[in-house]
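The chain contents come next:
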Amino acid sequence: MSLLPAAEFARRRQALMNMMGDDAIAILPAAPHYKRNRDTEYRYRQDSDFYYLTGFPEPEAVICLIPGRPQGEFVMFCRERDREMEIWNGYRAGPEGVVNDFGADDAFPITDIDDIIPGLIEGRERVFVSMGAQPVFDQRLMGWVNTIRAKARAGAHAPGEFMMLDHLLHDLRLFKSADELKIMRKAATISARAHVRAMQLSRPGLYEYELEAEILHEFLRNGCPAPAYNSIVGSGANACILHYVENNKAMRDGDLVLIDAGGELDHYAADITRTFPVNGKFSPEQKAIYQLVLDSQHAAIATVKPGAHWNAPHEAVIDVLVEGLLKLGLLTGTKEECIEQASYRQFFMHRTGHWLGMDVHDVGDYKIDNNWRELEPGMVMTVEPGLYIAPDCESVDPKWRGIGVRIEDDVLVTKTGHEVLTHAAPKTVDDIEALMAR
Ligand code: GLY
Ligand code: MN
Ligand code: MN
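None of these values were measured; they are calculated from a predicted model.

**Student:** Looking at this structure, I do not really get the site of ligand 1. What am I missing?
**Tutor:** In the neighbourhood of ligand 1, the contacting residues comprise Y229, D260, D271, H354, H361, E384 and E408. Within the side chain of H354, one N or O atom sits 3.0 Å away from an oxygen atom of ligand 1. Residue E408 places a side-chain N or O atom 3.2 Å away from an oxygen atom belonging to ligand 1. When its residues are assigned to classes, the shell around ligand 1 shows one nonpolar, two polar and four charged.

**Student:** Looking at this model, I keep getting lost on the coordination of the manganese ion (ligand 2). Mind explaining?
**Tutor:** For a metal with four tetrahedral donors the ideal donor-metal-donor angle is 109.5 degrees, whereas six octahedral donors ideally subtend 90 or 180 degrees. All of the protein donors around the manganese ion (ligand 2) are D271 (OD), H354 (NE2), E384 (OE) and E408 (OE); their distances to the metal are 2.0 to 2.2 Å. Metal-centred angles of 50 to 154 degrees between the six donor atoms at the manganese ion (ligand 2) mark the site as irregular. Between the donor residues of the manganese ion (ligand 2), the gaps in sequence give the motif D-x82-H-x29-E-x23-E. If you look at the manganese ion (ligand 2) and the manganese ion (ligand 3), they sit 3.3 Å from each other and are both ligated by D271. Residue H354 is found in the loop between α12 (335–341) and β15 (367–368), and its partner E384 is found in the loop between β17 (380–383) and β18 (386–388); the two are separated by 30 residues along the sequence. In this pair, the class of H354 matches that of E384, namely buried.

**Student:** For this particular structure, what's the right way to read the packing of aromatic side chains?
**Tutor:** The geometry of an aromatic ring pair is captured by the separation of the ring centres together with the interplanar angle, meaning the angle of the planes. In this structure the tally under the stated criterion is nine aromatic pairs. Taken together, a centroid distance of 5.0 Å and an interplanar angle of 80 degrees make the contact between F56 and F102 edge-to-face. With a gap of 46 residues between them, F56 in the loop between α2 (48–54) and β4 (62–65) and F102 in helix α4 (residues 94–102) connect regions that are remote in the sequence. Given a relative accessible area of 0%, F56 falls into the buried group.

**Student:** Would you explain the pairing of strand β14 (residues 272–277) in this entry?
**Tutor:** Looking down a regular strand, the side chains alternate between one sheet face and the other. In terms of residue burial, β14 counts as a mostly covered element, since six of its six residues are buried. Burial along β14 is two-sided: I272, R274 and F276 and T273, T275 and P277, pointing in opposite directions, are all buried. Note: strand β11 (residues 256–261) against β14, six bridges, orientation antiparallel. Among the inter-strand pairings, I259 is bridged to a residue of β14, identified as R274.

**Student:** Even after reading the chapter, I still don't get the coordination of the manganese ion (ligand 3), so can you show me in this structure?
**Tutor:** Of the protein atoms, only D260 (OD), D260 (OD), D271 (OD) and E408 (OE) coordinate the manganese ion (ligand 3), at distances of 2.0 to 2.4 Å. Taken together, the six donor atoms surrounding the manganese ion (ligand 3) define angles of 57 to 168 degrees at the centre, an arrangement classified as irregular. Between the donor residues of the manganese ion (ligand 3), the gaps in sequence give the motif D-x10-D-x136-E.

**Student:** Quick question: what am I supposed to make of the packing of helix α8 (residues 178–201) against helix α9 (residues 208–221) here?
**Tutor:** For any two helices packed against each other, the geometry is given by the interaxial angle and the distance between the axes. Closest axis-to-axis distance for the α8/α9 pair is 8 Å, and the angle between their directions is 145 degrees. For the pair α8 and α9, the sense of crossing is right-handed. Residues I190, S191, R193, A194, H195, R197, A198 and L201 of α8 form the contact with α9, whose participating residues are L211, E214, I215, H217, E218 and F219. When the residues that make up the contact of α8 with α9 are grouped by side-chain class, the tally is seven nonpolar, three polar and four charged.

**Student:** Sorry if this is basic, but what is going on with the packing of helix α1 (residues 6–20) against helix α7 (residues 166–174) here?
**Tutor:** Their axes nearest at 10 Å, the elements α1 and α7 cross at an angle of 140 degrees. In terms of axis orientation, α1 runs oblique to α7. In the crossing of α1 with α7, the sense of the turn from one axis to the other is right-handed. Contact residues: α1 offers R12, A15, L16, M19 and M20, while α7 offers L168, L169 and L172. Among the residues forming the contact of α1 with α7, the class breakdown is seven nonpolar, no polar and one charged.

**Student:** It is not clear to me how unusual backbone geometry should be interpreted in this structure. Could you clarify?
**Tutor:** Trans is the common state for peptide bonds, and a negative phi is the common state for residues other than glycine. One non-glycine residue, D39, adopts positive backbone phi at about 65 degrees. Mapped onto the elements of the fold, D39 is located in the loop between β2 (35–37) and β3 (40–41). On the accessibility criterion, D39 (75% relative accessible area) is exposed.

**Student:** Where do I start with the pattern of salt bridges in this structure?
**Tutor:** Two side chains that carry opposite charge are able to pair once their charged atoms sit near each other. This structure, assessed with the given rule, holds 27 salt bridges. A salt bridge links E58 to R79; its shortest N-O distance comes to 3.1 Å. Of the two residues, E58 sits in the loop between α2 and β4 while R79 sits in the loop between β5 (74–78) and α3 (83–89), which places them 21 residues apart along the sequence. The class of E58 is buried, set by a relative accessible area of 8%. For R79, a relative accessible area of 13% puts it in the buried group. R197 is the partner of E214 in a salt bridge, and the nearest nitrogen-oxygen pair spans 2.8 Å. Of the two residues, E214 is situated in helix α9 and R197 in helix α8; the sequence distance between them amounts to 17 residues. Judged by relative accessible area, which is 21%, E214 ranks as partly exposed. Its relative accessible area of 22% is what places R197 among the partly exposed residues. Linked through salt bridges whose partners overlap, the residues forming this network are D49, R173, K176, D359 and D362.

Criteria and cut-off values
Residues numbered from 1 in each chain as written. Chains lettered and ligands numbered in written order. Predicted model: local features only at pLDDT ≥ 70, side-chain atom pairs only at ≥ 80, totals over all residues. Heavy atoms only, no water. Near = heavy atom within 4 Å. Polar contact = N/O pair within 3.5 Å; in protein donor to acceptor, adjacent residues only side chain to side chain. Nonpolar A, V, L, I, M, F, W, Y, C, P; charged D, E, K, R; others polar. Donors = N, O, S within 2.8 Å, 3.2 Å for Na, K, Ca; no water. Tetrahedral: all angles 85-135°; square planar, octahedral: opposite > 155°, others 65-115°. Helix = DSSP H or I, 4+ residues; strand = E, 2+ residues; numbered from the N terminus. Buried < 20%, exposed > 50% of the residue type's maximum accessible area, 1.4 Å probe, protein only. Phe/Tyr/Trp six-rings, centres within 6.5 Å; stacked < 30°, edge-to-face > 60°. Pairing = 2+ DSSP bridges. Axes fitted to C-alpha atoms, helices over the stretch in contact; angles between N-to-C directions. Left-handed = near helix turned anticlockwise from the far one by under 90°. Contact = heavy atoms within 4.5 Å. Parallel < 35°, antiparallel > 145°, perpendicular 65-115°, else oblique. Salt bridge = Lys/Arg side-chain N within 4 Å of Asp/Glu carboxyl O.

Don't take any of this as a statement about function, it's just geometry.
Right, dumping it as structure tokens:
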């Protein structure tokens, strides 16, 4: 069962239906199972949109939200109870459980969907669906619409408009409620502790996967069933590979290690990056680059408040990084030239953050009418500047080569400013060195 109260799911469905209007229906399928290899599947994870509206964790289900339907607005199709299957694969709620425990007004076996759903769609003018998300499901939907069309001479009316559900639903998901934030804070704290554990146990000669194991251990033992994304543990120059996930090299004395890892709790993600010396002590070059990234992150986080626009943290990062890179002699020219020509991109090639929520790269528009969106209370974002000096970067003094640093925190926009959800993961040079010296 979800950590969220049932009333929260009901409130979300109502909010969505209010936006859809009375002559509409929204149809959402559960996530499919994905095969890993012969006879085994990836661990099942419900689709975020589906879970957001239901809290229902099972596959092979479809929901319909039908505003104003007299017999009930929330209809679910799901697997039936089945003693034999439940012995093999675990409990199923079944249609009765879906009504009793998940707030459905009406529920039917998923095997009956082809017979029942055309009747629910019929007479509705607009159908809200996430087109393209599950192409096989889109085809089935067209099949149901054709079933209605075939009955046109008997007076059946097929819908006239198909609308992307995403715009309405994803705008709801962008703003986190007090109860959602409780879960996100917990996911953030568990994940921060995992980074602390990795710092405490790091030493030269360990393999990157040994730190990955410590991180996973901390997630699992605190109730995060899985990481929110594949953990990155990149030591030395591996830190310069942005999506490095092999995590299979021995960590060397004198190198930094970059860990980007966050746990998922009740379908909410944390997303933290910390970079620290494998042996617990920064070299002067590592410290210079690290401090510059940290200064840029502080400047970026300081911009996060209601009314600031989405790109403000990124602009703050560029400003601080370029100035620092010029001082260190890693860039040449004037600050204005470096920004205009984006010469910093050889060292900082990604953006400063993204929305965070049920998906690690969460839903929600970044621009409205082609302008950067203004931040509002309840939005959660990451702030994650980095500098990555490739090991073969000939334009810089060799002493800098192969240093990769990213520092990433999860930041909530509050009424008066911001709250750093991941504050429990140390990040100043002194705090990291002190922790690792203990
Ligand atoms: N861990 C994915 C990201 O930082 O965007
Ligand atoms: Mn991130
Ligand atoms: Mn990350």
